[in-house]
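A closer look at the structure
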Amino acid sequence: MKVLQLGKFYPVRGGVEKVMYDLTLGLSASGVDCDMLCARIEQDTDVDAEGVVRLNEHGRVLTVKAYKKLAGTMIAPALISRLRKICREYDIIHVHHPDPMAALALMLSGYKGKVVLHWHSDILSQKAMLVLYKPLQNWLIKRADLILGTTPIYIAQSPHLAAARERMQPMSYLPIGVKPVRSASEDDALAEQTAAIRAQYGNRRIVYSLGRLIPYKGYRYLVEAAQYLPEDCCVLIGGAGPLKVELEEQIASLGLQDKVFLLGRIDDDKFDAYYNACDVFCLSSIWKTEAFAIVQIEAMSLGKPVVATQIPESGVSWVNAHGISGLNAPVEDPKALAENLIRVLDAKEEFGARAKQRFEENFTFGKMTEGCLKNYAEVLK
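Residues numbered from 1 in each chain as written. Predicted model: local features only at pLDDT ≥ 70, side-chain atom pairs only at ≥ 80, totals over all residues. Heavy atoms only, no water.

1. Some remarks on the side chain of Ser-28
- Tracing the chain through its elements places Ser-28 in helix H1 (residues 15-29).
- Take Ser-28: its relative accessible area is 2%, and that puts it in the buried class.
- Separated by 2.9 Å, the side chains of Ser-28 and Asn-56 make a polar contact.
- Ser-28 has contacts with Leu-23, Cys-34, Asn-56, His-58 and Gly-59, leaving out every residue within four places of it along the chain. (Helix = DSSP H or I, 4+ residues; strand = E, 2+ residues; numbered from the N terminus. Buried < 20%, exposed > 50% of the residue type's maximum accessible area, 1.4 Å probe, protein only. Polar contact = N/O pair within 3.5 Å; in protein donor to acceptor, adjacent residues only side chain to side chain. Contact = heavy atoms within 4.5 Å.)

Put into structure tokens, the structure is as follows:
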């Protein structure tokens, strides 16, 4: 069996690219010939003169130069010509949605083999682009031999997949899996770094959140929720983005400068330490653009409980099973968010143990690879 993961960008920056890259790594490490074809945002030191990154004996990342970025997708005509040349080498092309450029390349490739469509999210913010893309999107849905979601929620509720459900096209879901975040209990240097972070904030109970400072992350509601938290708590928000000044002004207007802290972009060498230092992870997102939230399972991998939100038609609250790995609050409700944070903080050991168990049962790197192989076997049958 030879597989091609198709879509998105390199170097890996976002969640969809990470899933593609991790599947390529996991499948190729298990002996399956698996390549990843995508547009190159910039020249990376790992990319050779032919645009190839060799991962191992069975896996490669094949990159083509992008012309420009437009409406969240790379305009890369070379993707079309490259795929036309190589598509017949593969038994399965696993295309990751949303990515109009990848869908166009597949349609023009002349490929006759099996197609797995990985439906990561509906297109929500780029409504004008969706009008133009919809005929191609509908073609892609019909072309798919299997449609995979990251949770059962999107597969069951996405309005774009309604016709496919009526046709009873094969559908399933493959939860995203990650390697566990390093634990401070197993690394002395990390333990020191973690202790330093806790000391920096007066050894208070830490509510941690991580993501870009953009509207759908709902950080304004997390900031407002902080005023209802006990004084022995503080909120740390990691990430950069266009709402930084607006959030700083909100923090100042509520007098929360000693309780809410914007950390900026978290450097790689501090990534694990902040997860280790927190008592609870909070995902305050408000739109179903947040379809899964990998940050939730990264926290769970360390046995950290989660408070997330009940986003309609999103898989977020499925990932964080209410009453098991944590609690889910209504969207855009700061008081309810605070109440749930307090409940989880007061029982963090119990929730944390169940969060760790849920991670190991559903969201490991190995589980994702195994699940993908099972789906491929069904398609090739």
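Past the structure itself, the notes keep going.
2. Quick notes on the packing of helix H7 (residues 188-200) against helix H10 (residues 268-277)
- Viewed as axis vectors pointing N to C, H7 and H10 meet at an angle of 60 degrees, and their least axial separation amounts to 9 Å. When the interaxial angle is binned, H7 and H10 end up oblique. Crossing handedness for the pair H7 and H10: right-handed. Between H7 and H10, the contacting residues are Leu-190, Gln-193, Thr-194, Ile-197 and Arg-198 on the first element and Asp-269, Lys-270, Asp-272, Ala-273, Tyr-274, Asn-276 and Ala-277 on the second. (Axes fitted to C-alpha atoms, helices over the stretch in contact; angles between N-to-C directions. Parallel < 35°, antiparallel > 145°, perpendicular 65-115°, else oblique. Left-handed = near helix turned anticlockwise from the far one by under 90°.)

3. Topic: the packing of H1 against helix H15 (residues 365-380)
- H15 packs onto H1 with a crossing angle of 80 degrees between their chain directions and a minimal axis gap of 10 Å. Taken together, H1 and H15 sit at an angle that is classed as roughly perpendicular. In this structure, H1 uses Val-19, Asp-22, Leu-23, Leu-25, Gly-26 and Leu-27 to contact H15, whose residues at the interface are Phe-365, Met-368, Thr-369, Cys-372, Leu-373 and Tyr-376.
- Residues of the contact of H1 with H15, tallied by class, amount to nine nonpolar, two polar and one charged. (Nonpolar A, V, L, I, M, F, W, Y, C, P; charged D, E, K, R; others polar.)

4. Things to note about H15
- For H15, with 16 residues, the first-to-last C-alpha span of 23 Å sits near the 22 Å given by 1.5 Å per residue.
- Of the positions making up H15, those classed as buried are Phe-365, Met-368, Thr-369, Gly-371, Cys-372, Asn-375, Tyr-376 and Val-379. Around the axis of H15, the buried residues are gathered within 165 degrees of arc, so they sit on the same side. Exposed residues lying more than 90 degrees from the buried face of H15 are Lys-374 and Glu-378.
- The inward-facing, buried residues of H15 contact strand E1 (2-10), H1, strand E7 (92-97), strand E8 (114-119), strand E9 (146-149) and strand E10 (171-173). (Expected span 1.5 Å × (residues − 1). Arc of directions from axis to C-beta.)

5. What about the pairing of E1?
- Most of E1 sits inside the fold, with eight of its nine residues counted as buried.
- The sheet contact formed by E1 and strand E2 (residues 33-40) spans seven bridges and is parallel. By the bridge assignment, Phe-9 is partnered in E2 with Ala-39.
- Handedness of the E1-H1-E2 crossover: right-handed. (Pairing = 2+ DSSP bridges. Right-handed = clockwise from strand over helix to strand, strands pointing away.)

6. A closer look at the pattern of salt bridges
- Considering all chains together, one arrives at 18 salt bridges under this definition.
- Between Arg-182 and Asp-272 there is a salt bridge; the shortest N-O distance is 2.7 Å. Of the two residues, Arg-182 is situated in the loop between E10 and H7 and Asp-272 in helix H10; the sequence distance between them amounts to 90 residues.
- The exposure class of Asp-272 is buried, given its relative accessible area of 14%.
- Salt-bridge contacts for Lys-356 lead to Glu-360; the nearest nitrogen and oxygen are separated by 3.9 Å. Here Lys-356 pairs with Glu-360, and both are found in helix H14 (residues 348-362), just four residues apart, close to one helical turn.
- The exposure class assigned to Glu-360 is partly exposed, which follows from its relative accessible area of 43%.
- The network of salt bridges with common partners includes Asp-122, Lys-288 and Glu-313. (Salt bridge = Lys/Arg side-chain N within 4 Å of Asp/Glu carboxyl O.)

7. Concerning the environment of Gly-7
- With respect to the helices and strands, the residue Gly-7 is situated in strand E1.
- Sequence separation between Gly-7 and Glu-17 is 10 residues; the distance between their C-alpha atoms is 7.8 Å.
- Apart from residues no more than four positions distant in its own chain, Gly-7 is found in contact with Met-20, Leu-37, Cys-38, Asp-99 and Ala-102.

8. Description of the sheet that holds E10
- Read across the open sheet, the eight strands follow the order E3-E4-E2-E1-E7-E8-E9-E10; overall the sheet is mixed. Each edge of the sheet is formed by a strand with only one pairing partner; in this case those strands are strand E3 (52-54) and E10. In this sheet, neighbouring strand axes are inclined to one another by 20 degrees on average, regardless of whether the strands run parallel or antiparallel.
- Relative to E8, E7 runs parallel, the two being bridged by six bridges.

9. A look at the environment of Ile-294
- Among the secondary structure elements, Ile-294 is positioned in helix H11 (residues 294-301).
- Along the chain, Ile-294 and Asp-46 lie 248 residues apart, while their C-alpha atoms are 25 Å from each other.
- Apart from the residues within four sequence positions on either side, Ile-294 is in contact with Gly-15, Lys-18, Ile-176 and Val-178.

Nothing here speaks to function; it is all geometry.
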